[in-house]
There are 2 protein chains.
Amino acid sequence: MNETKNIQKIILPEPTLRRLPWYLAYVKMLDNQNIEYVSSTQIAKEINVDASQIAKDLSFLNIKGKTRIGYEVHSLVRELVDFLGFKRKHRAFMIGVGSLGAALMQDVGLAQYGLNIVAGFDINEDIAGKSICGVPIYHMNELKSRQEEYGVSIAVLAVPVEHAQDAANQAIAGGLKAIWNFTPYRIKAPTNIVIQNTSIYSHLALMYNRMDDMNNK
Amino acid sequence: MNETKNIQKIILPEPTLRRLPWYLAYVKMLDNQNIEYVSSTQIAKEINVDASQIAKDLSFLNIKGKTRIGYEVHSLVRELVDFLGFKRKHRAFMIGVGSLGAALMQDVGLAQYGLNIVAGFDINEDIAGKSICGVPIYHMNELKSRQEEYGVSIAVLAVPVEHAQDAANQAIAGGLKAIWNFTPYRIKAPTNIVIQNTSIYSHLALMYNRMDDMNNK
């Protein structure tokens, strides 16, 4: 079977990929309001991105608006959700079930965006053996065998900084292919492992700094 | 009183500001291991940033290493924590106490990075009146009066996308100066309002896309 025939993989520039969820958030809202068409000019006005940039971004996905009518809202939502992978189910392990890890396991929003956390892992004997919202928590030393059992490929990493690299190493040795890293630690990994950094605490520093700037104006 | 004398405000390039928390995460770990000195070369090796870039970033903060010895770890931690604002207490309101909002209110990590959520707000009558980890939740229509009572300046926004702009408008009308936006919605606000976007779900799209790329290699 010729795989390239089935997988029409589009390589997008990262800035485009970052903007697509913004468009989706906006057009989803229009869809809920039963609005049928939207122009790139209108999206541009709402989210502060150039209309020409929006048209270009969407053309990567082979989405084209109609002259003087614009984009059909409902199919735009569908195409974006599809492309962004939010409709597919991606099974994941939560590694580190402390405060942040437990909080993320309780967030139903993740599942709405295609991420299903099917098990948690922790080195703390008091946490391992329990469950959160019906999702079991195992001891870290079960990671490899559980990966074989569950067949997941994503690790969500929310361990203390000093354990970040170790935990990532274990996840990789356990066969996981992607790490969604919530720690501010820069993890080292082989190039075939996908690392997505989402250090929410680092964003706090950016916000504090801008607030200081504003106060000094 | 001459304020400029007291506030030695340093304007940093955003990329530098994004890297500082990485350095902090690493040197904090060294500090916990009672390691006394670290060179920029060593930091560089650990976190994949050029040594010269690290030295330059740290020089913005007036931190200089000693020849052949490097940086004094303990004071480097202190300077970074100080500069990044993690030691100061920033009081915040959580706007939208749904799944993600409630999860964030339960995360003790935020307080460790200087963010104290002192009250939550929701339009849902079933949620307003309750509390999470001792933090009271009020109805959205109390926002303005509670802002006057608490005197906070940061709103953490975790409402559904379709309410994002409305809730932000209310926060701004209520006197809040900064919005930490967890929704994928691009909020419009006056230029004197700080908006920090942290759309964790958008990061999922980036990760899924990279995983697809990897699978096609």
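Here is what the cut-offs are and how they apply
- Residues numbered from 1 in each chain as written.
- Chains lettered and ligands numbered in written order.
- Predicted model: local features only at pLDDT ≥ 70, side-chain atom pairs only at ≥ 80, totals over all residues.
- Heavy atoms only, no water.
- Pairing = 2+ DSSP bridges.
- Helix = DSSP H or I, 4+ residues; strand = E, 2+ residues; numbered from the N terminus.
- Contact = heavy atoms within 4.5 Å.
- Axes fitted to C-alpha atoms, helices over the stretch in contact; angles between N-to-C directions.
- Phe/Tyr/Trp six-rings, centres within 6.5 Å; stacked < 30°, edge-to-face > 60°.
- Buried < 20%, exposed > 50% of the residue type's maximum accessible area, 1.4 Å probe, protein only.
- Lys NZ or Arg CZ within 6 Å of the ring centre and 35° of its normal.
- Least-squares fit on C-alpha atoms with pLDDT ≥ 70 in both.
- pLDDT = per-residue confidence, 0-100.

Visitor: What should I look at first to understand the sheet that holds strand 7 (residues 154–157) of chain A in this one?
Guide: Across a sheet, strands are paired by hydrogen bonds formed along the backbone, either parallel or antiparallel in direction. Residues and elements named next belong to chain A. A sheet is described by the order of its strands in space; here seven strands give the open sequence 5-6-4-3-7-8-9, paired in mixed fashion. Unpaired on one side and paired on the other, strand 5 (131–132) and strand 9 (194–197) mark the two borders of the sheet. The sheet contact formed by strand 8 (residues 178–181) and strand 9 spans four bridges and is parallel. Residue pairing across strands places Trp-180 opposite Gln-196, the latter belonging to strand 9. In this fold helix 9 (residues 164–173) packs onto strand 3 (90–95), strand 7 and strand 8, with an angle of close to 165° to the strand it touches most, strand 7.

Visitor: Explain the packing of aromatic side chains here, please?
Guide: For any pair of aromatic rings, the description consists of the separation of the ring centres together with the inter-plane angle of the planes. Tallied over the full model, the rule gives 16 aromatic pairs over all chains. Each ring, one from A:Tyr113 and one from B:Tyr201, has its centre 4.4 Å from the other, and the planes form 5°; the classification is stacked. Placement of the pair is A:Tyr113 in the loop between helix 7 (109–112) and strand 4 (115–122) and B:Tyr201 in helix 10 (residues 200–215), with the two residues belonging to separate chains. For the pair A:Tyr113 and B:Tyr201, a shared accessibility class is recorded, and that class is buried. Taken together, a centroid distance of 5.6 Å and an interplanar angle of 85° make the contact between B:Phe93 and B:Tyr150 edge-to-face. Of the two residues, B:Phe93 sits in strand 3 (residues 90–95) while B:Tyr150 sits in helix 8 (residues 143–150), which places them 57 residues apart along the sequence. The exposure classification of B:Phe93 matches that of B:Tyr150, with both residues buried. Cluster of aromatic residues (ring-pair linked, three or more members): A:Phe86, A:Tyr113, B:Tyr201 and B:Tyr208. The ring of B:Trp22 carries A:Arg186 above its face, with NZ or CZ at 3.7 Å from the centroid.

Visitor: Hey, could you run me through the relation of the copies chain B and chain A in this one?
Guide: The operation relating the pair of chain copies consists of a rotation about an axis and a translation along that axis. With an axial shift of 0.0 Å and an RMSD of 0.0 Å, the rotation relating chain B to chain A amounts to 180°. Those values place the two copies in the arrangement expected of a two-fold rotation axis. Among all C-alpha atoms of chain B, that of B:Ala103 lies closest to the rotation axis, at 2.2 Å. Comparing interface residues between copies, 100% of those in chain B also lie at the interface in chain A; the contact surface is shared.

Visitor: Looking at this model, I keep getting lost on the confidence of the model for chain A. Mind explaining?
Guide: In regions of low pLDDT, the predicted coordinates are not meant to be interpreted in detail. Looking at chain A as a whole, its pLDDT mean stands at 90, while 95% of the residues score no less than 70. The model gives residues 1–8 of chain A a pLDDT under 50, and that stretch makes two contacts with residues more than four places away or in other chains.

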